[in-house]
Amino acid sequence: MVVELIRLEVLKTIRSTAFAKSALVAVFLAFLAVLLLGYVLALGLFLKVIIEKGFEKEDSYATLSSYLVFFFLFEFIYRYFVQKLPVIELERFLHLPIKKSKIIHFLLGRSFVSPLSLIAPLMFTPFAFQEVGPRFGSFAAFSWLASVCLSSWSLHWLMLWFKQKFEDSWKGLAVIFGILLLTSGSTYFGWFNLGDWVKPLFDWSLVSAVPVICLFGVFLGMYYLAYKFYYQNAYLEDLMEEEQVRFVNQEFGVFNRFGLAGELANLEWKLIIRHKKSRTYLMLAGFFLLYGLIFYANPQYKTEEGFSHFFVFVGSFITGIFMLQYGQLFLSWNSSNFDFYMLKEGGLEALVKGKYLLFIGTSVICFLASVPYVFFGLEILLIHIATFLFNVGVIIHMVINLALWKPKPMDLNKGAMFNYEGVGVAQFLMIIPMMGAPYAIYLPFALIFDQYVGLLALGVVGAAGLVAYPYLSKIAVRKVMANQYEISSSFRQEL
């Protein structure tokens, strides 16, 4: 039966009208996966040296075992954003005369064949035979490595259940943020070290097979949890996430004051909530609001003169993250209904201005959410005020105008991770002016006069851009109007 299912998968692939394009994309992604896994293997080969020389620790095994739990916590988080669900595949199998249990086993088993499943073995196998084996014996090396791999692989099944049950909901996002804040905060403030609680389990695996047997039981238990959930809900209408209508129909009331552009801004917001890729960008924006914790609390970036110049980039990133992510695919989000706006009187102008309103509104929310960073000093708040003004006054126009260079079509229902639909050369090139523009204003004044004078100049230029918004926004409108037929033709191309 498994052979038959594999045969159906092969036929589905080679009969696709976009087989050649899919094959090229698959080759590129395979090359990228091999490259990244090569880096992981290189890290594993030098892990012992990195711990002993880089972190100046004499006992590399004790150090690694103490911090293994943080590797698993990080794995849990990146699996949440990267790992794919096998749900969509069900629609191609449920109508076939095949037992539902076999279909579920096949889909779950196929999901396990992934580069993510190779990360733990590639990273920790060299260390097991370089450090654990010579010190504790061959049995200890195999037992310890098995414990690490089984812990990692158990997360695969747990994530399949977790994502299907909580994906794209605020409960799931709250769990991710809670885990991140609890673990990083407890370690930073010295409340407790979670690694010290888990380390005895891996130490026990050096002298006994009991931990391996227990973890194998956990592995099977997590598989059964995922299997049971998918089996009980193996109906398309059950596995589809129920829409929280009250939430997805919420809108920014202030946008209603801006006529048709405001209506389209509210519509865009509802579409962001309803579609998978845009919703992922929104969640990532919330996740990256914590970006400042990496730098603002780091003594390495403390200076006697004031603050690190690098904080200007951090402030720009935090206060404009959603605008930068979502805005780089400016019109691609509307590729499926662009012709509607062309045929509507004033539709294209309202579409562009509605996106301006949405970007400004979300940037205001990001700025307000970043105000608690004042805990690290008043200068951080001043940085965020200056960079926020510069983002909504200057960067917003740069992002939009660069994104209008040969926009490409995109499927909104696909995830954001490793999905390059809508991405062109412009999306890769725009990072240069995005990073350089704030410093082009800030650095001359900061170096000649003072850092705070540089922030003042940055804020003043941003405020001037806000005043000139009616004129600057017309540049993007005229660009869309002039190229509307070329854009519409490109959006009709098959993805």
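Residues numbered from 1 in each chain as written. Predicted model: local features only at pLDDT ≥ 70, side-chain atom pairs only at ≥ 80, totals over all residues. Heavy atoms only, no water.

An unreviewed UniProt entry annotates the protein as DUF5687 family protein of Mariniradius sediminis.

A. Geometry of the overall build of the protein. Counting its regular elements, the protein contains 24 helices and zero strands. The long-range fraction of contacts in the protein, counting pairs at least 24 apart against all pairs at least 6 apart in sequence, stands at 80%. Of the roughly 25200 Å² of accessible surface on the protein, a fraction of 69% belongs to carbon and sulfur atoms. (Helix = DSSP H or I, 4+ residues; strand = E, 2+ residues; numbered from the N terminus. Contact = heavy atoms within 4.5 Å. Areas by Shrake-Rupley, 256 points an atom, 1.4 Å probe, with all protein chains shown as cover.)

B. Just the packing of aromatic side chains, in detail. Under the criterion given, the structure shown has 36 aromatic pairs. Between the aromatic rings of Phe-310 and Phe-313, the centroid separation amounts to 5.6 Å while the plane-to-plane angle is 40°, which identifies the pairing as tilted. With Phe-310 and Phe-313 both in helix H16 (residues 310-327) and three residues apart, the pair spans about one turn of that helix. Note on Phe-310: relative accessible area 28%, which makes it partly exposed. Both rings, one in Tyr-439 and one in Tyr-442, keep their centres 6.3 Å apart while their planes meet at 75°; by these two values the pair is edge-to-face. (Phe/Tyr/Trp six-rings, centres within 6.5 Å; stacked < 30°, edge-to-face > 60°. Buried < 20%, exposed > 50% of the residue type's maximum accessible area, 1.4 Å probe, protein only.)

C. The packing of helix H19 (residues 378-403) against helix H22 (residues 451-467), seen in detail. Viewed as axis vectors pointing N to C, H19 and H22 meet at an angle of 35°, and their least axial separation amounts to 7 Å. For the pair H19 and H22, the sense of crossing is left-handed. Two secondary-structure elements touch here, H19 through Glu-379, Leu-382, Ile-383, Ala-386, Thr-387, Leu-389, Phe-390, Val-392, Gly-393, Val-394 and His-397 and H22 through Tyr-452, Leu-455, Leu-458, Gly-459, Val-461, Gly-462, Ala-463, Gly-465 and Leu-466. Residue composition of the contact of H19 with H22, grouped by class: 13 nonpolar, six polar and one charged. (Axes fitted to C-alpha atoms, helices over the stretch in contact; angles between N-to-C directions. Left-handed = near helix turned anticlockwise from the far one by under 90°. Nonpolar A, V, L, I, M, F, W, Y, C, P; charged D, E, K, R; others polar.)

D. Examining the nonpolar core more closely. Counting residues in hydrophobic clusters, the biggest one holds 66 residues, and the most contacted among them are Tyr-296, Phe-330, Leu-331, Ile-400 and Tyr-442. In terms of residue count, the dominant contributor to this core is H19 (10 residues). Those residues in contact with Tyr-296 that sit more than four places away from it in its chain are Lys-302, Phe-311, Val-314, Gly-315, Ile-318, Tyr-373, Phe-376, Ile-380 and His-384. Ranked by size, the runner-up nonpolar core spans 50 residues in total, among them Phe-127, Ala-141, Leu-145 and Leu-150. (Core = buried A, V, L, I, M, F, W, Y, C linked by side-chain atoms within 4.5 Å.)

E. Structural view of the pattern of salt bridges. Taken as a whole and judged by the stated rule, the model has eight salt bridges. Put simply, Glu-52 and Lys-48 hold a salt bridge, and the shortest N to O gap is 3.0 Å. Of this pair, Glu-52 and Lys-48 both sit in helix H3 (residues 47-54), four residues apart, which is roughly one turn of that helix. Here Lys-199 ties to Asp-203 by a salt bridge, and the two come within 2.7 Å at their closest N and O atoms. With Lys-199 and Asp-203 both in helix H9 (residues 194-204), this residue pair falls four residues apart, about one helical turn. Note on Lys-199: relative accessible area 18%, which makes it buried. We classify Asp-203 as partly exposed; its relative accessible area is 25%. A single network of salt bridges, built from pairs that share partners, joins Lys-48, Glu-52, Asp-59, Glu-131 and Arg-135. (Salt bridge = Lys/Arg side-chain N within 4 Å of Asp/Glu carboxyl O.)

F. Spatial organisation of the environment of Ser-143. Within the element layout of this structure, Ser-143 appears in helix H7 (residues 138-166). Spatially, the C-alpha atoms of Ser-143 and Ala-209 are 6.5 Å apart, while their sequence positions differ by 66 residues. Setting aside residues up to four positions removed in sequence, Ser-143 forms contacts with Ser-205, Ser-208 and Val-212. Within the local environment of Ser-143, its side chain forms a polar contact with the backbone oxygen of Ser-205, the two atoms lying 2.6 Å apart. (Polar contact = N/O pair within 3.5 Å; in protein donor to acceptor, adjacent residues only side chain to side chain.)

G. Fine view of unusual backbone geometry. One non-glycine residue, Glu-56, lies in the positive phi region at around 55°. Mapped onto the elements, Glu-56 comes out in the loop between H3 and helix H4 (60-82). Residue Glu-56 is classed as exposed on the basis of its relative accessible area of 69%.

H. How the structure looks around the environment of Ala-120. With respect to the helices, strands and loops of the structure, Ala-120 is situated in helix H6 (residues 119-136). The exposure class of Ala-120 is buried, given its relative accessible area of 0%. Along the chain, Ala-120 and Phe-72 lie 48 residues apart, while their C-alpha atoms are 9.5 Å from each other. Filtering out sequence-adjacent residues up to four positions away, Ala-120 remains in contact with Thr-125, Cys-149 and Ser-152.

I. A nonpolar patch on the surface, seen in detail. Residues Leu-41, Leu-43, Leu-45, Phe-46, Val-49, Ile-50 and Phe-55 make up a contiguous nonpolar surface patch of about 620 Å² in total accessible area. Those elements giving two or more residues to the nonpolar patch turn out to be helix H2 (19-45) and H3. With three residues, H2 is the largest single contributor of residues to the nonpolar patch. Note on placement: Leu-43 falls in helix H2. (Patch = residues over 30% accessible without salt bridge, like charges linked within 9 Å, V, L, I, M, F, W, Y side chains within 5 Å.)

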